Amino acid sequence: MQITDARVFVGGPGKNYVTLKILTDAGVYGLGDATLNNRETLPAAYLRDYLIPNLIGMDPRNSEDIWQFFYRGAYFRRGPIAMAALGAIDMALWDIKAKLAGLPLYQLFGGKSREGAMVYAHATGADLDDLMDSIAWYVEQGYQAVRVQCGIPGMPSASYAVPEHKGARRHYITDYAGIRPKLEIWETDRYMRFMPDALAEIRARFGPRLHILHDVHHRLLPREAAEFAKAVEPVRLFWMEDPTPAEDQDALRLVRQHSTTPIAIGEVFNAIWDCNRLIEDELIDFIRVAATYAGGITPVKRIVDLAGLHHVRTGFHGAPSHSPICMAAHAHLNAWAPNFGIQEYLVLGTPECDALFPSEHRMENGMVLVSDAPGLGVDFDETEAARYSYEPGSHPVVRLPDGTMWNY
Ligand SMILES: [Mg+2]
C-alpha cells in the first residue's frame, strides 16, 4: 500500500485553516490539521516543499516509522512550524489506519473510558457585570465548566480575550485582520488588585458546582503568579492557566510551593521534551498540548501516558485556531485517555464551518460525544474549500504603560 498524493489547502470561514489530505492507492484518504494561528503559510510551505515529496510512495500504515523519519530525519528538529506540519501528517495516517480497520479511532487506542468528555467554554466581559451575563448564558446552554476573562477597571485597553465593549457574550476572538498587530496595554498591579475579588464574586454568584477556569495568559512574573495563585485559593478554581511563561520552568516550582491552586500549562509546547520535567516533578496538574502543535496523535499519546504516571490530567488546547480535524483527534484521545481532565471548546458551529468540515461528533450538555464512524469522524469538502483563500491576520502585541514589551 502506498501514499499516492498529498494536498494542502489554506483558508476557511474567518480562519486560515491549513488542511492536509493524504491519498492512497487503496482509495482511502486521511485528513490532518496543520493550522498554526497567524503563521499559517509556514507549515503549509514546509509540507509542500519538504515533507510531501518524501511522503509519496511511503506505506501509510507505518505511521510510527513515518513520524520518526520526519522527526529524527530533520537535523533542525521541533519548533511550532515543523511540528504542526508533522502533526497533520500523523493525524491523517491515524485517520487512514482507523478507516482501513473500519473502526472509530478511539478503538485503536484501547476503546472508550467514558461516554462523554467534559468541555469548557469561554465566557468574557468588558466588565464584571458583562462577564456575569456571559457566564449565565453558558450555564443556561448546559456547560458545566467555563473559562472566565474580565476587563480590568482602569486598564487603558482590553486585557486578554476581553472585548472593548459590553455584550460579546460568546467567545471574543482577539485576532485582527492584517499583518500589523493591534497594541494592548497591560498593568499587572490593576489586575492583581481586581481579579481575585472578581473570581470570588463569580464563585458566590454561581455556587460550588460550576467549574471555573481562568487564563492568566503568561502575564505574571513567578513571584506575582505565586501571590495570585494563593489569593484565589478560596475560589477553588478548576485551573489557573499559563500563570507565567513556561520558558523558565523552575518558575512553576515557586508557584507550586506557595499554593494548591491547580496549574494548567502547555498550549504552546511542541514536544514531550517541553513538558517531561514539569510532569515528572509534578509541578503542573493539567497538560494543555494540542495534537497539531505537538506533532500529532503519536507523540501526544506518549505525553498522556507519561502524565498519567504523575497524576497530571489532560486539558488539550482547543482555541478556534484548530480546525475540526484537530478537534476530532482530541475527541478520540479524550474518549480513551484514562487521565482525561477537560477539553477546551469553542462554540464554532457556524453553517460555513460545518459545511467545510462535515463532522459526526456531537455536543450535548457541555460534553463532546465522540463519533463512531470509521477514522477521525470528520470530512473535508473541497468544493466548499475553493470558496476561501488565505487572509493575513495577527495576534495583538502587549506593552506596559511605559512602552516596555510584554508577553501576549
Ligand atoms: Mg490559553
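You'll find the structure just up there.
Since the structure is predicted, the reported quantities are computational estimates derived from the model, not experimental observations.

Novice: With reference to specific residues and values, describe the coordination of the magnesium ion.
Specialist: Taken together, Asp215 (OD), Glu241 (OE) and Glu267 (OE) make up the protein donors of the magnesium ion, found 2.0 to 2.4 Å from the metal. Expressed as a motif, the donor residue spacing for the magnesium ion is D-x25-E-x25-E. Of the two residues, glutamate 241 is situated in strand 9 (residues 239-241) and glutamate 267 in the loop between strand 10 (263-265) and helix 9 (276-280); the sequence distance between them amounts to 26 residues.

Novice: Give a detailed account of the packing of aromatic side chains, specifying residues and quantitative values.
Specialist: Under the criterion given, the structure shown has 18 aromatic pairs. With a centroid separation of 5.3 Å and 80° between ring planes, the pair formed by tyrosine 120 and tryptophan 239 is classed as edge-to-face. Of this pair, tyrosine 120 sits in strand 4 (residues 117-125) while tryptophan 239 is found in strand 9, placing the two residues 119 residues apart along the sequence. In this pair, the class of tyrosine 120 matches that of tryptophan 239, namely buried. Through a chain of ring-to-ring contacts, three or more aromatic side chains come together here, namely Phe9, Tyr17, Phe357 and Phe380. Directly above the aromatic system of tryptophan 186 lies the positively charged group of arginine 219, at a separation of 5.1 Å from the ring centroid. Positioned above the aromatic ring of tryptophan 336 is the side chain of lysine 301, whose terminal nitrogen or guanidinium carbon lies 4.5 Å from the ring centre.

Novice: How would you explain the sheet that holds strand 2 (residues 18-24) if you had to name every residue and give the values?
Specialist: Strand pairing in a sheet is mediated by backbone hydrogen bonds. Such pairs are either parallel or antiparallel. With antiparallel pairing, three strands are arranged side by side in an open sheet as 1-2-3. The open sheet has two edge strands with one neighbour each: strand 1 (3-10) and strand 3 (29-33). Neighbour-to-neighbour, the strand axes of this sheet turn through a mean angle of 20°, independent of strand direction. Of the strand pairs in this sheet, strand 2 and strand 3 are connected by five bridges, and their pairing is antiparallel. The residue of strand 3 that forms the bridge with threonine 19 is aspartate 33. Along the sheet, helix 3 (residues 80-101) contacts strand 1, strand 2 and strand 3; its crossing angle with strand 3, the most-contacted strand, is approximately 145°.

Novice: Could you give an account of the packing of helix 10 (residues 297-308) against helix 11 (residues 324-336), with specific residues and numbers?
Specialist: Two elements in contact, helix 10 and helix 11, have axes separated by 12 Å at closest approach and are oriented at 30°. Put simply, helix 10 runs roughly parallel to helix 11. You can see that helix 10 and helix 11 cross each other, and the crossing is right-handed. For the pair formed by helix 10 and helix 11, the contact residues are Ile297, Val300, Lys301, Val304 and Asp305 on the first element and Ala329, Leu333 and Trp336 on the second.

Novice: Tell me about the pattern of salt bridges, residues and numbers included.
Specialist: Two side chains with opposite charge may pair up if their charged atoms get near one another. By the definition in use, this model includes 23 salt bridges. Notably, a salt bridge pairs arginine 190 with glutamate 187, separated by 3.0 Å at the nearest N-O pair. The partner of arginine 277 in a salt bridge is aspartate 250, with the nearest N and O atoms 2.8 Å apart. Placement of the pair is arginine 277 in helix 9 and aspartate 250 in the loop between strand 9 and helix 8 (251-258), with a sequence separation of 27 residues. On the accessibility criterion, arginine 277 (38% relative accessible area) is partly exposed. Bridged by salt links that share partners, the residues Asp5, Arg7, Lys21 and Glu382 form one connected network.

Rules behind the numbers
- Residues numbered from 1 in each chain as written.
- Predicted model: local features only at pLDDT ≥ 70, side-chain atom pairs only at ≥ 80, totals over all residues.
- Heavy atoms only, no water.
- Donors = N, O, S within 2.8 Å, 3.2 Å for Na, K, Ca; no water.
- Helix = DSSP H or I, 4+ residues; strand = E, 2+ residues; numbered from the N terminus.
- Phe/Tyr/Trp six-rings, centres within 6.5 Å; stacked < 30°, edge-to-face > 60°.
- Buried < 20%, exposed > 50% of the residue type's maximum accessible area, 1.4 Å probe, protein only.
- Lys NZ or Arg CZ within 6 Å of the ring centre and 35° of its normal.
- Pairing = 2+ DSSP bridges.
- Axes fitted to C-alpha atoms, helices over the stretch in contact; angles between N-to-C directions.
- Contact = heavy atoms within 4.5 Å.
- Parallel < 35°, antiparallel > 145°, perpendicular 65-115°, else oblique.
- Left-handed = near helix turned anticlockwise from the far one by under 90°.
- Salt bridge = Lys/Arg side-chain N within 4 Å of Asp/Glu carboxyl O.

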